[in-house]
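Residues per chain, in single letters:
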Amino acid sequence: MQAGAHPHPVMRSGTQSERLCSLDDLSPADVQGLLAVAARIGAPGVVGPALEGRHVVVVSEAPASTSAAALAAAAAALGAAVVRLRPDALQLEDRQRLRETARLLGRLYQLIGCDGLRPSAMAGLCRWAGVPVLGDVAGPCHPARMLGDLLAMQEHAGRPAAHITLGLADAPRSAVGRAWGRVSALTGLQLVSVGPAAAGRARSRCDFVLGPGPHDPPGAPSTLQVREAEGDARADLGLLQASARHRLLQSLLSSL
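Now for a description of the structure that goes with this document. (Residues numbered from 1 in each chain as written. Predicted model: local features only at pLDDT ≥ 70, side-chain atom pairs only at ≥ 80, totals over all residues. Heavy atoms only, no water.)

## A closer look at the overall build of the protein
A tally of regular secondary structure across the protein gives nine helices and eight strands. Taking as baseline every contact in the protein between residues at least 6 positions apart, the subset at least 24 positions apart corresponds to 69%. Of the roughly 11900 Å² of accessible surface on the protein, a fraction of 54% belongs to carbon and sulfur atoms. (Helix = DSSP H or I, 4+ residues; strand = E, 2+ residues; numbered from the N terminus. Contact = heavy atoms within 4.5 Å. Areas by Shrake-Rupley, 256 points an atom, 1.4 Å probe, with all protein chains shown as cover.)

## Describing a positive patch on the surface
Side chains of Arg95, Arg103, Arg107 and Arg127 sit close together on the surface and give a patch of like positive charge. Top contributing element to the positive patch by residue count: helix H4 (residues 95–108), with three residues. Here Arg95 lies in helix H4. Judged by relative accessible area, Arg95 falls into the partly exposed class, the value being 49%. (Patch = residues over 30% accessible without salt bridge, like charges linked within 9 Å, V, L, I, M, F, W, Y side chains within 5 Å. Salt bridge = Lys/Arg side-chain N within 4 Å of Asp/Glu carboxyl O. Lys, Arg positive; Asp, Glu negative; His and termini not counted. Charge placed at Lys NZ, Arg CZ, Asp CG, Glu CD. Buried < 20%, exposed > 50% of the residue type's maximum accessible area, 1.4 Å probe, protein only.)

## A look at the packing of aromatic side chains
All told, the structure shown has zero aromatic pairs when counted by the stated rule. Residue placement shows Arg99 over the ring face of Trp128; its charged tip is 4.7 Å from the ring centre. (Phe/Tyr/Trp six-rings, centres within 6.5 Å; stacked < 30°, edge-to-face > 60°. Lys NZ or Arg CZ within 6 Å of the ring centre and 35° of its normal.)

## Re the sheet that holds strand E6 (residues 190–193)
Taken in spatial order, the four strands of this open sheet run E6-E5-E7-E8, and their pairing is mixed. A strand with exactly one partner marks an edge of an open sheet, and here the two such strands are E6 and strand E8 (223–226). Strand after strand, the sheet turns through a mean of 25° between neighbouring axes, direction not considered. Bridging between strand E5 (residues 165–168) and strand E7 (residues 208–211) involves three bridges; their strand directions are parallel. Within the sheet, the bridge partner assigned to Leu168 lies in E7 and is Leu210. (Pairing = 2+ DSSP bridges. Axes fitted to C-alpha atoms, helices over the stretch in contact; angles between N-to-C directions.)

## Quick notes on the sheet that holds strand E1 (residues 55–60)
Judged by pairing direction, the sheet is parallel, and its four strands sit side by side in the order E2-E1-E3-E4 without closing on themselves. Two strands in the sheet have a free side with no partner beyond their single neighbour: strand E2 (81–85) and strand E4 (133–135). When strand polarity is set aside, the average angle formed by the axes of neighbouring strands in this sheet is 20°. Sheet topology places strand E3 (residues 111–115) next to E4; three bridges connect them, and they run parallel. In the strand pairing of E4, Cys114 is matched with Gly135. Against the sheet, helix H5 (residues 119–128) touches E3 and E4, its axis set at about 160° to E4.

## A few points about the packing of helix H6 (residues 143–157) against helix H7 (residues 175–187)
Running from N to C, H6 and H7 point in directions that differ by 55°, and their axes come no closer than 11 Å. Here H6 is positioned oblique relative to H7, judged by the angle of their axes. The two elements H6 and H7 meet at a crossing, and its hand is right-handed. Across the interface between the two elements, Met146, Asp149, Leu150 and Met153 from H6 touch Ala179, Trp180, Val183 and Thr187 from H7. Here the residues of the contact of H6 with H7 sort into six nonpolar, one polar and one charged. (Parallel < 35°, antiparallel > 145°, perpendicular 65-115°, else oblique. Left-handed = near helix turned anticlockwise from the far one by under 90°. Nonpolar A, V, L, I, M, F, W, Y, C, P; charged D, E, K, R; others polar.)

Here is the structure:
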């Protein structure tokens, strides 16, 4: 581990930061604040090196983890010194060792990012580290990813969420469907189902669709698409989406 001990971390505690891991604990004001800052990132005086002088550790089993890479890149863009560690080097299996490791990480680093850890290990880090702990930021239901996609839709359409309609291929009662329902409640985003039974009539009412692409094989993961767009339009949205997710994550990190 690299030393970066900071006796009085300026960020919120790990327990407090858990609210940023779930849409259920965010208010409309929280969401609008994150979106507003993310939309302005890159302009003079907005965010800047908010984590300069801070030390961040990202714990991930897979070196190519999307979540770990996204968090490391966002923290580095804000000026943080980022260290990558594998969980098997931290002895997180035993409860006593987990407590000791969490406290040590909390003294060395001002933010802990995780991907692929067991729920008990994540809970222990949140409980004992005393610094913000974020997990699976690229997960389909994490606020950083969902609000990043919402930001991409707003910027692509040139209008706020309340004037955008998103078609969801996922069932409303699925985890993704429920999460987008929460986004809708927080922002006014309009949702319609474009599942197999409704696809024909519903797609014409959508600005964007979240689901498998028209040429994807069965079981392919959902992607955000401009309705009926092909070629350059889809590529442009993909680039904007990647940028928006990165900026939203920077906005989130700068708020900790």
